[in-house]
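# Survey of secondary and tertiary structure
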Amino acid sequence: MGKRDLITIADLSDQEIVGLFDLADTMLARDRTGLELKICAGKIMATLFYEPSTRTRLSFESAMQRLGGSVISSPDMKSSSAAKGESIADTARVVSSYADIMVIRHYWDGAVQAMAEYADIPVINAGDGSHEHPTQTLCDLYTLRKEKGQLKGLTVVICGDLKHGRTIHSLVYALARFGVHVITLAANGMELPQYVIEKLESEHHYSLVPVASDDLQAVVTETDAIYLTPSQPHQLALFTQVDADVQNRLSRMLSGIKFDAFYVTRKQKERMKGENTGGNGSYPKIGERFLKEKRFKDTVVMHPLPRVDELSREVDKDRRGIYFKQAAYGVPVRMALLKFLFDALGSEKTRTTQKRATLYESPEPIGSQCLNGNCVTRTENASTRPRFEVLFTGPGGGLILRCLYCDHQHKVQFIGHTNSRRYCPYDITLAETVREWLKNRELAIFDSIKQAEELAYEPYKSGPQRTIMDEAEIREAIRQMSEQILEEREDPDRLLILGIRTKGVFLAKRIAEEIERRQNRKIEVGEIEIYGSGDDLRRLSPSEDPEPLPLNLKDRAVILVDDVIHTGMTVKSALSIIFKAGRPKSVRLAVLVDRGHREVPVKPNFVGKHIPSSERERVRVKLREVEQDERDKVVIYSIISPDFSNQRSALSP
Ligand code: NCD
């Protein structure tokens, strides 16, 4: 059975949105006459809220009941099986068989999309992390259109926390689609995220021009407003550089602009993990000064609510404050949406999520990951696999992956060919090759060389190998490093040898054995996984316990072990995993080979051998535990840069 979900505002076409508004008008009129609507009689709506809500949940429930349907509700999912560790996938499957439609709010970006994939009933996103809140946008647009008569050509200033506010993200996409000019007025450090801006540019042809605006001083002091404008046919699109002349013209133009609405939002403190919630400088505020300013005399003030102190109570009494009306429209708009989604069931016209041009899902178990730590692909990988849209339009010809769940983007570092099991760094000359591999499902994308090597991919075209450490030298290096570790006279009970998976783990075990032999006692060994799909940290030994306790890092003297240190990025990730899990007394780094070329200030404490190498050279540690029938050795070889002038032949497997 075909179903329609509403996960992002892009799931509805412009026409459908206008249709919904007409339907909402009917709902509003009928509701006033008290006429009963039985459109949803016999149907059940489930509301699953993993985050607090007043307006969204209650207006949905009110809408369903007004349509003659009934509601089952879990307003606090913390008191559901989610608290026992149930996956969102299982929850979605189960609730699918209890209800006919599901409304979900979750704190992870992309979680509602993930749940919709497991539910065979329509799913509505009532807010997913910092990502989107499409039904709020429907209410916002409906209110704005009712107030101003039409949307096209209006100018809306969106202000406050534009970084974490999901209502803002859905709203700007919609405003762009309906030809509204947008001025962003962000609190310092809470600017519109780059991925949103890039999407506005690439999908809605919006250009972005920063302007210092004195006109907005009644709202903030000292700020740069950003002006987003449809680039066609608007002449601003001609300006790619913001020089003084352009600034002046823009300022003049801005001073002539009629501000139709201010859309105010609160600071989303709950989403600022580890960020400074105070921000720097002032937070845009609507109050007395705004009300007095002549040029705002026809400017309406909107807010998705709840408000904190960015919108003063004085505005409540003013005709321009329309936020309670905006909240009230939540019912007719959501009634219209419920009818629309039920009508769409089984219909031919079932629309799958927006035209996702080129999709990519790794054919390999390890591959590129979304960089957004709050993305559902990172927080619950039991229910999701990273999936991306491939964009061939990155700056400087970069290849970009856009996460299908949360829209965050990152640049492709390495590409590999699944059949020939070879990889190389991506560059623009490979675009055609990549398209072809993608089409044939032969494209592997890696965030690092380490990922490629984990899967035994070899670099494209390599020169002759030279052995730089043999078995005896490796044995001696391990002996020496163990001795140096012992010289530090660390309490052996505190010592934790933590190997970075995979080769670092075997070296960690060898170091631990060496220390155990000298000390005649057991040393704890653990494993850390940087691109993990499960636990990042695991205890390996002593392992008498069939279900070993998790590693306790508190006050431990950690010796982090890896085979080769190069850029230092792996170590950086390892440190962040370690410090997330607990606070050790110290972390020291032991590596068999240091080849230089650091990107971050990391210096190993214990080094088996320094091997100055050129960027183009590769150093590979071969260990008998990993490579069958091989003796331990370290080899160095060069990558002969493939001749990309003739891509096909250079990269033909
Ligand atoms: C918003 C939300 O939850 O994102 N509230 C709402 O749905 N009306 C805005 C907010 O919480 O600030």
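The structure contained in this document is the topic of the report that follows. (Residues numbered from 1 in each chain as written. Predicted model: local features only at pLDDT ≥ 70, side-chain atom pairs only at ≥ 80, totals over all residues. Heavy atoms only, no water.)

## Some points on the site of the ligand
The environment of the ligand is made up of R55, T56, R105, H133, Q136, R166, T167, R266, Q268, P304, L305 and P306. Side-chain polar atom of T56 to an oxygen atom of the ligand: 2.9 Å apart, as the coordinates give it. Contacts to the ligand include R105, whose side-chain N or O atom sits 3.0 Å from an oxygen atom. Isolated, the ligand exposes 320 Å² of accessible area, and the fraction of that covered by the protein chains is 94%. When residues of the shell around the ligand are traced back to their parent elements, those giving at least two are α2 (55–66) and α6 (166–177). Broken down by class, the residue content of the shell around the ligand amounts to three nonpolar, five polar and four charged. (Near = heavy atom within 4 Å. Polar contact = N/O pair within 3.5 Å; in protein donor to acceptor, adjacent residues only side chain to side chain. Areas by Shrake-Rupley, 256 points an atom, 1.4 Å probe, with all protein chains shown as cover. Helix = DSSP H or I, 4+ residues; strand = E, 2+ residues; numbered from the N terminus. Nonpolar A, V, L, I, M, F, W, Y, C, P; charged D, E, K, R; others polar.)

## Structural notes on the sheet that holds strand β18 (residues 458–459)
Strands in a sheet are paired, the pairing made by backbone hydrogen bonds, and the direction either parallel or antiparallel. On the basis of which strands lie adjacent, the open sheet formed by four strands has the order β17-β15-β16-β18 and mixed pairing. Looking at which strands have only one partner, the edges of the open sheet turn out to be β17 (443–446) and β18. Two strands pair when backbone bridges link them, and strand β16 (residues 422–425) and β18 are joined in this way by two bridges, in the parallel orientation. Pairing of Y423 across the sheet is with P459, part of β18. The sheet contacts of helix α13 (residues 431–439) involve β15 (414–417) and β17, and relative to β15 the element is tilted by about 50 degrees. (Pairing = 2+ DSSP bridges. Contact = heavy atoms within 4.5 Å. Axes fitted to C-alpha atoms, helices over the stretch in contact; angles between N-to-C directions.)

## Some details on helix α16 (residues 503–519)
Given 3.6 residues per turn, any residue in an α-helix points the same way as the ones three and four places further on. Between its first and last C-alpha atoms α16 spans 24 Å; for 17 residues at 1.5 Å apiece the expected length is 24 Å, and the two agree. Counting buried positions over the 17 residues of α16 gives twelve, a clear majority of the element. Considered for burial, the residues of α16 that qualify are K503, G504, V505, F506, L507, A508, R510, I511, A512, E514, I515 and E516. Note on α16: the residue one or two positions beyond its end, N520, has a positive phi of about 60 degrees. (Expected span 1.5 Å × (residues − 1). Buried < 20%, exposed > 50% of the residue type's maximum accessible area, 1.4 Å probe, protein only.)

## Re the packing of α6 against helix α7 (residues 194–204)
With their axes 11 Å apart at the nearest point, α6 and α7 run at an angle of 20 degrees to one another. As summarised for this structure, α6 and α7 are arranged roughly parallel, according to the angle between their axes. Judged by the twist between their axes, the crossing of α6 over α7 is right-handed. Contacts between α6 and α7 involve H169, V172, Y173, A176 and R177 on the former and, on the latter, Y195, V196, K199, L200 and H204. Taken together, the residues that form the contact of α6 with α7 break down as six nonpolar, two polar and two charged. (Parallel < 35°, antiparallel > 145°, perpendicular 65-115°, else oblique. Left-handed = near helix turned anticlockwise from the far one by under 90°.)

## Description of the packing of aromatic side chains
A complete count under the given rule lists twelve aromatic pairs for this structure. Measuring from centroid to centroid gives 6.3 Å for F259 and F262, while their planes differ by 50 degrees, and the two rings are tilted. Each member of the pair F259 and F262 is classed as buried. Through a chain of ring-to-ring contacts, the aromatic side chains of F259, F262, F290 and F296 assemble into a single cluster. Geometry around Y173 places K199 over its ring, the cationic atom sitting 5.0 Å from the centre. (Phe/Tyr/Trp six-rings, centres within 6.5 Å; stacked < 30°, edge-to-face > 60°. Lys NZ or Arg CZ within 6 Å of the ring centre and 35° of its normal.)

## Let's talk about helix α15 (residues 471–487)
The end-to-end C-alpha distance of α15, which contains 17 residues, comes to 25 Å, matching closely the 24 Å that a straight helix rising 1.5 Å per residue would cover. Those residues of α15 not exposed but buried are I474, A477, I478, M481, S482 and I485. Buried residues along α15 cover an arc of 130 degrees about the axis, so they all sit on one side. Seen from the buried face of α15, the exposed residues on the opposite side, beyond 90 degrees, are R475 and E487. One side-chain oxygen at the N-terminal end of α15 lies 3.2 Å from the backbone nitrogen of A472; it belongs to D470. Positive backbone phi, at 50 degrees, marks R489, one or two positions downstream of α15. (Arc of directions from axis to C-beta.)

## Brief notes about the pattern of salt bridges
Counted by the stated rule, this structure contains 45 salt bridges. D316 is paired through a salt bridge with R307; the nearest N and O atoms lie 2.8 Å apart. When salt bridges with common partners are traced through the structure, they connect E476, R479, E483, E514, R517 and R518 into a single cluster. (Salt bridge = Lys/Arg side-chain N within 4 Å of Asp/Glu carboxyl O.)

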